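# An overview of the molecular structure
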Amino acid sequence: EQTSKSNSMPGQSENDTKIAKKKAQRLKVPFIDPLRVTIEPSALSLLGPEMVLRRQALPIRVVDNFLLVAMLTPEDPVAIRSLELLTGFKIRPAVAPKNSLSIALKKYYGNRYGGKLGVINHQPKITQKNIAKTTKANRSGPCTLSVISNKGGVGKTHFSINMAYCLAKKGAKVLLIDADLGNADVSNKLGIFPKCHLMDFLEKNKKMDELLFRTKYGFDLIASSYGEFKLANLYYAQKVKFIKHFNQISQRYEFAIFDLGAGISRMVMDFALAAAHTIILTTPQDFISGYACTKAGFSRFKEIEERLEEKFSNYEPQLIFSPMLVINQVSNLRQGFKLFDNLTKAANEKINSREGKFRIKPEYLGAIPYERVALRAAEAKKKPLLFAAPRVKAAQSIQHMSTRFFYPEATYDPKVKFKQPLARFAAILSQRK
């Protein structure tokens, strides 16, 4: 590997260089001074500014299908694994002097980088004004997220609430729709019970925009109700009506989050696939159910695409189903990585190897450590976890995941294009089965 010359550059202390060289020798990895090597622009594009700061890592170049990365902590396996998931390359870490790396990060990532290493500044301050520059520049229309699971009790509603709160706190205009029709729980979790809810819309007593309720947490809510048989068993025409009006009301927002019901029914999957991002939430204890949910989503995705391709001669089908996986209640982050690897391997062996042109390629959105005490305390207070206990690891994990939607280039696999425009609503509406 090309390494730096031994002499120090201006602004780089000799002590930093000596410490870094000793560490590289001890770990048996290369030493690199990022101010003295040629850095490939294509390598820089593999990581966004939030990630280089979080991992204190600078991509240098691709060598024999390995990405050479200058780091402060090349001995950290979690950092290495997360960079592999982010870039799609095997990582070859190298030790860099602290001050030199700080200068290089500022040089190559400009004002998007916070400056000194160790100072957490995940992204520029986000306001209602500059959200248009970050979110709308990368897609047309709102960013819609559907949250599903194959069974109840895995934390789906908690995740939806906290993601809505997190995005709203950053300045975005956010709508949370309790679309767990018939078994709604958002209102109960927050202690918010609006007078108007989806049953009023179904029975034509209220228009969809009359259901909007402004919460004290910065996001708007469309509530549902619990135990309503009619809501839980919609006819085709009613399902079409809901999807159509959810689409229309979402146009007023930067983000719309759909907290859907548990299970893999056709209705749940149609609502889930109508969103730009389908998030599947599972736990280590229920991981087989999580895989089953992923498989069911792919089956419905493929069915819809094949029917649209058959129906419209000029239709270009989406070939890759890319759900986002969130693993809740992990004992540590390594467990999340391992489970995601297991799911990806199973998908490749049992689905992709048997399919033709359609493929499933999950994205790892993240894992959430189990914070039983903090979560129960937040539940008792009827508040989002990020509001009640923002510093616990579970809250920080969701906070980190939210940046994925503000900065779409920060995907864990940049080779996959997660562009499912809202025109997909119209495509799904054309299906009667």
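Residues numbered from 1 in each chain as written. Predicted model: local features only at pLDDT ≥ 70, side-chain atom pairs only at ≥ 80, totals over all residues. Heavy atoms only, no water.

What follows concerns the overall build of the protein. If you tally the helices and strands in the protein, you get 18 helices and 13 strands. Burial analysis of the protein (433 residues in total) assigns 55% to the buried set. For the protein, restricting intrachain contacts to residue pairs at least 6 apart in sequence, the fraction spanning at least 24 positions comes to 77%. Carbon and sulfur atoms make up 51% of the accessible area of the protein, which amounts to about 19,600 Å² in all. (Helix = DSSP H or I, 4+ residues; strand = E, 2+ residues; numbered from the N terminus. Buried < 20%, exposed > 50% of the residue type's maximum accessible area, 1.4 Å probe, protein only. Contact = heavy atoms within 4.5 Å. Areas by Shrake-Rupley, 256 points an atom, 1.4 Å probe, with all protein chains shown as cover.)

What follows covers the confidence of the model for the protein. Looking at the protein as a whole, the pLDDT averages 81, with 80% of positions reaching at least 70. Low pLDDT, under 50, characterises residues 1–12; the predicted model gives this stretch 34 contacts beyond four residues in sequence or across chains. Per-residue pLDDT stays below 50 along residues 112–140; that stretch engages in 60 contacts with residues further than four places along the chain or on separate chains. (pLDDT = per-residue confidence, 0-100.)

If you trace the three strands from one edge of the open sheet to the other, you get β1-β2-β3, paired in mixed fashion. Pairing within the sheet leaves two strands with one partner each, and these edge strands are β1 (57–63) and β3 (90–95). Recorded for the sheet is a direction-independent mean angle of 30 degrees between the axes of neighbouring strands. Strand direction decides the pairing type here: strand β2 (residues 66–71) and β3, joined by six bridges, are parallel. In the strand pairing of β3, A70 is matched with A94. In this fold helix α5 (residues 98–109) packs onto β1 and β2, with an angle of close to 75 degrees to the strand it touches most, β1. (Pairing = 2+ DSSP bridges. Axes fitted to C-alpha atoms, helices over the stretch in contact; angles between N-to-C directions.)

For the rest of this paragraph, the subject is the sheet that holds strand β7 (residues 220–222). The eight strands lie next to each other as β6-β7-β5-β8-β4-β9-β11-β13, forming an open sheet whose pairing is mixed. Of all strands in the sheet, those with a lone pairing partner are β6 (213–214) and β13 (363–369), marking the two edges. Here two bridges tie β6 to β7, and the two strands are oriented antiparallel to one another. Note that in β7 the partner of R214 across the bridge is D220. Where helix α12 (residues 266–273) meets the sheet, its contacts fall on β4 (143–149), β8 (255–262) and β9 (277–282), and the angle it forms with β4 comes to roughly 150 degrees.

Scanning the model with the defined rule gives 15 salt bridges in all. Between D270 and R300 there is a salt bridge, with the nearest N and O atoms lying 2.6 Å from each other. Of this pair, D270 sits in helix α12 while R300 sits in helix α13 (residues 287–311); the two residues are 30 residues apart in sequence, bridging distant segments of the chain. By the burial criterion, D270 is buried, and R300 matches it. (Salt bridge = Lys/Arg side-chain N within 4 Å of Asp/Glu carboxyl O.)

This paragraph deals with the packing of α12 against α13. With their axes 10 Å apart at the nearest point, α12 and α13 run at an angle of 75 degrees to one another. By the angle between their directions, the pair α12 and α13 is classed as roughly perpendicular. Between α12, through R266, M269, D270 and L273, and α13, the contact on the second element is made entirely by C293, A296, G297, R300, F301, E303 and I304. By residue class, the composition of the contact of α12 with α13 is six nonpolar, one polar and four charged. (Parallel < 35°, antiparallel > 145°, perpendicular 65-115°, else oblique. Nonpolar A, V, L, I, M, F, W, Y, C, P; charged D, E, K, R; others polar.)

The next point concerns helix α7 (residues 156–169). Note that an α-helix has 3.6 residues per turn; residues three or four places apart therefore point the same way. For α7, built from 14 residues, the straight-helix expectation of 20 Å at 1.5 Å per residue is met to within 8% by its first-to-last C-alpha distance of 20 Å. Just downstream of α7 lies G171, where phi reads positive at about 110 degrees. (Expected span 1.5 Å × (residues − 1).)

On to α5, then. A rise of 1.5 Å per residue sets the reference length of α5, with its 12 residues, at 16 Å; its end C-alpha atoms lie 16 Å apart and thus fit the reference within 8%. Regarding α5, the residues found buried are S100, L101, S102, A104, L105 and Y109. If you follow the buried residues of α5, they end up packed against α2 (41–44), α3 (49–55), β1 and β2.

What follows covers the packing of aromatic side chains. Scanning the model with the defined rule gives 12 aromatic pairs in all. With centroids separated by 5.4 Å and ring planes inclined at 75 degrees, the aromatic side chains of F201 and F242 adopt a geometry described as edge-to-face. Highlighted residues: F201 in helix α9 (residues 198–202) and F242 in helix α11 (residues 236–250), separated in sequence by 41 residues. This pair shows no difference in class: F201 is buried, exactly as F242 is. (Phe/Tyr/Trp six-rings, centres within 6.5 Å; stacked < 30°, edge-to-face > 60°.)

Attention now goes to the packing of α7 against helix α17 (residues 393–406). Packed helix pairs are specified by the crossing angle of their axes together with the interaxial distance, meaning the distance between the axes. Running from amino to carboxyl end, α7 crosses α17 at an angle of 65 degrees, the nearest separation of the two axes being 9 Å. For the pair α7 and α17, the sense of crossing is right-handed. Where α7 approaches α17, its residues F159, N162, M163, C166 and L167 are matched on the opposing element by I398, Q399, M401, S402, F405 and F406. In the contact of α7 with α17, the residues fall into eight nonpolar, three polar and no charged. (Left-handed = near helix turned anticlockwise from the far one by under 90°.)

Bringing the pairing of β4 into the picture now. Consecutive residues of a regular strand have side chains that alternate between opposite faces of the sheet. In terms of residue burial, β4 counts as a mostly covered element, since seven of its seven residues are buried. Strand direction decides the pairing type here: β4 and β8, joined by six bridges, are parallel. By the bridge assignment, V147 is partnered in β8 with D259. With four bridges joining them, β4 and β9 adopt parallel strand pairing. In the sheet register, V147 faces β9, and the bridge partner there is I279.

Right, let's get into the pairing of β1. Taken across its seven residues, β1 has five buried, putting it largely inside the fold. Between the end of β1 and the start of β2, which pair antiparallel, lie two residues, with D64 showing a positive phi angle near 50 degrees.

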